[in-house]
Amino acid sequence: MATGNAPAAGHALAILTLLARHATPVAAATIARELGLPRSTTYHLLTVLVEQGYAVHLPEERRYGLGVAAYELGSAYTRQAPLQRLARPRLTRLADASGHNAHLAVLHGPDVLYVIEERVAGRPSLVSDVGVRLPATLTASGLAILASLPEAQARALFPSRESFVQRHGSGPRSLVELRRELSATRSRGYAVEDGLVTPGLASVASAVLDHAGHPVAGVAVTYPVEPDVQLEAVVQLVRQTAAELSARLGHRDRGRSPVG
């Protein structure tokens, strides 16, 4: 049975590879033509990929893009020890230099999963910790990652109002509000969260990009909302740390800001 399924598996992987090469979603006819596949086979494979979450269908555009499962699979390598080993000494330096708690988080569905926490003595305690998940739309790390994703992938993560979670009655409540926040994040060059997770605490974050320019993590610093916080200096340190990590993962800056 494995032998009989091998051609279909190969074709499915070829479709995913093709979708990954394109910056925007692709029409099924284009996929069939570029891969030399019958249209019926192409549509059948796309249906299976959509059902499993590896592709997303955009009916209004009659196109297909990569789904959340494909993104999570593609970023699994950097979610594991290699990313953490590269990031840990840099997060330690970031916490020391900024004087505030620093963390690294990865996208996990509509949430972020914290994989590194560097605490500074005397700083306020945090909700986040290694292994903790929080809604991506409420965290600076999550917003930095989402702002660096293709819009179709971000939209697939939050298909309805029920997808949005608030804490303390704050946070985006719809895709329109999220788009507005992500647009502001891209314009600013880094993500900001002020009191959405914990009142009185704010965070700034920047995305870590891999060799293909995809966001694989978010570097963040959390600080108390106080007049003496040197925010510009903190932002610079966060962006520098994210840029260093991106470079180690093979990212080459071609003029695109990694939202940080």
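Being a predicted model, the structure only gives us computed values, none of them experimental.

## Points about the pattern of salt bridges
Part 1 of the reasoning: Using the criterion set out here, one finds eight salt bridges in the structure.
Part 2 of the reasoning: The residue Glu117 makes a salt bridge to Arg119 at a minimum N-O spacing of 3.2 Å.
Part 3 of the reasoning: As a salt-bridge pair, Arg155 and Glu151 come within 3.9 Å of each other at their nearest N and O atoms. With Arg155 and Glu151 both in helix α7 (residues 151-157) and four residues apart, the pair spans about one turn of that helix.
Part 4 of the reasoning: Look at Glu151 and you get partly exposed, because its relative accessible area is 48%.
Part 5 of the reasoning: The network of salt bridges with common partners includes Glu60, Glu151, Arg155 and Arg179.

## Quick notes on the confidence of the model for the protein chain
Part 1 of the reasoning: In the predicted model, the protein chain carries a mean pLDDT of 85, and 91% of its residues have values of at least 70.
Part 2 of the reasoning: Considering each helix and strand of the protein chain separately, the mean pLDDT is smallest for helix α4 (residues 68-79), with a value of 68, and largest for helix α6 (residues 140-148), with 95.

## A closer look at the packing of aromatic side chains
Part 1 of the reasoning: Overall, the coordinates contain one aromatic pair when judged by the stated rule.
Part 2 of the reasoning: Ring centres of Phe158 and Phe164 lie 5.2 Å apart, and the angle between their planes is 25°; on these two criteria the pair is classed as stacked.
Part 3 of the reasoning: Judged by relative accessible area, Phe158 falls into the buried class, the value being 2%.
Part 4 of the reasoning: Given the relative accessible area of 7%, Phe164 is considered buried.

## Quick notes on unusual backbone geometry
Part 1 of the reasoning: A positive phi angle is found at Arg62, which is not glycine, with a value near 55°.
Part 2 of the reasoning: Counting through the fold element by element, Arg62 comes out in the loop between β1 (55-58) and β2 (63-66).

## Some thoughts on the nonpolar core
The nonpolar side chains of soluble globular proteins are, as a tendency, buried together.
Part 1 of the reasoning: Leu104, Val208 and Val219 are the most contacted members of the largest nonpolar core, which totals 27 residues.
Part 2 of the reasoning: Elements supplying a minimum of two residues to this core: α5 (81-98), β3 (101-108), β4 (111-118), β7 (201-209), β8 (215-224) and α9 (231-248).
Part 3 of the reasoning: Among the elements that take part in this core, α5 stands out by supplying six residues, more than any other.
Part 4 of the reasoning: When sequence neighbours within four positions are dropped, the list of residues in contact with Val208 reads His214, Pro215, Val216, Ala217, Val219, Ala242, Leu245, Ser246 and Leu249.
Part 5 of the reasoning: Phe158, Leu178, Leu182 and Ala207 belong to the second largest nonpolar core, which has 26 residues in total.

## Some remarks on helix α2 (residues 28-35)
Part 1 of the reasoning: Those residues of α2 lying buried are Ala28, Thr30, Ile31 and Ala32.
Part 2 of the reasoning: Remark: Gly36 follows α2 within two positions and exhibits a positive phi of approximately 70°.

## Overview of the pairing of β7
Part 1 of the reasoning: The buried fraction of β7 is high, at nine of nine residues.
Part 2 of the reasoning: As paired strands, strand β6 (residues 191-194) and β7 are joined by four bridges and run antiparallel to one another. Within β7, the position partnered with Ala191 by the bridge is Ala205.
Part 3 of the reasoning: Bridge count for β7 against β8 is nine bridges, and the pairing is antiparallel. Along β8, the bridge assignment pairs Ser206 with Val219.
Part 4 of the reasoning: The antiparallel pairing of β7 with β8 creates a hairpin that spans five residues between the two strands, and Gly213 there sits at a positive phi of about 85°.

## Things to note about the pairing of β3
Part 1 of the reasoning: With seven of eight residues buried, β3 is to be regarded as a mostly interior element.
Part 2 of the reasoning: Pairing of β3 with β4, which is carried by seven bridges, proceeds in the antiparallel orientation. Within β4, the position partnered with His103 by the bridge is Glu117.
Part 3 of the reasoning: Between β3 and β4, which follow one another and run antiparallel, lie two residues, and Gly109 among them has a positive phi close to 65°.

## Some thoughts on helix α8 (residues 175-188)
Part 1 of the reasoning: For α8, spanning 14 residues, the distance from its first C-alpha to its last is 20 Å, which sits close to the expected 20 Å at 1.5 Å a residue.
Part 2 of the reasoning: Taken together, the buried positions of α8 are Leu175, Leu178, Leu182 and Thr185. End-on view of α8: buried residues confined to an arc of 80°, all on one side of the axis. Within α8, the exposed residues directed more than 90 degrees away from the buried face are Arg180 and Ser187.
Part 3 of the reasoning: Turning to α8, the residues buried within the fold contact α6, α7 and β6.
Part 4 of the reasoning: Where α8 terminates, the next one or two residues include Gly189, which has phi positive at roughly 95°.

Criteria and thresholds
Throughout this document, residue positions are counted from 1 along each chain, in the order its sequence is written. A pLDDT threshold of at least 70 governs which residues receive local features in this predicted model, and a stricter bar of 80 or more applies before side-chain atom pairs are shown or counted, although totals over entire chains, interfaces and linings include all residues. For side-chain calculations, the full set of non-hydrogen atoms in the structure is used, while hydrogens and water are omitted. Salt bridge criterion: a side-chain nitrogen from Lys or Arg within 4 Å of a carboxyl oxygen from Asp or Glu. Helix and strand definitions here come from DSSP, where helices need a minimum of 4 consecutive H or I residues and strands a minimum of 2 consecutive E residues; each element is numbered from the N-terminal end. Think of it in three bands: residues with accessible area under 20% of the maximum for their type are buried, residues over 50% are exposed, and the middle band is partly exposed, with areas taken using a 1.4 Å probe on protein chains only. In predicted models, pLDDT denotes the confidence assigned by the predictor to each residue on a 0 to 100 scale. Any two of the Phe, Tyr and Trp rings considered here, Trp counted by its six-membered ring, make a pair once their centres fall within 6.5 Å; the pair's planes then place it as stacked at under 30 degrees, edge-to-face at over 60, or tilted in between. Take the buried residues of types Ala, Val, Leu, Ile, Met, Phe, Trp, Tyr and Cys, join any two whose side-chain atoms come within 4.5 Å, and each joined set is a nonpolar core. Contacts are residue-level and defined by heavy atoms, with any inter-residue pair within 4.5 Å sufficient. Pairing between two strands requires that DSSP report at least two bridges joining them. A helix is expected to span 1.5 Å for every residue after the first. This arc corresponds to the set of directions leading from the helix axis out to the C-beta atoms.

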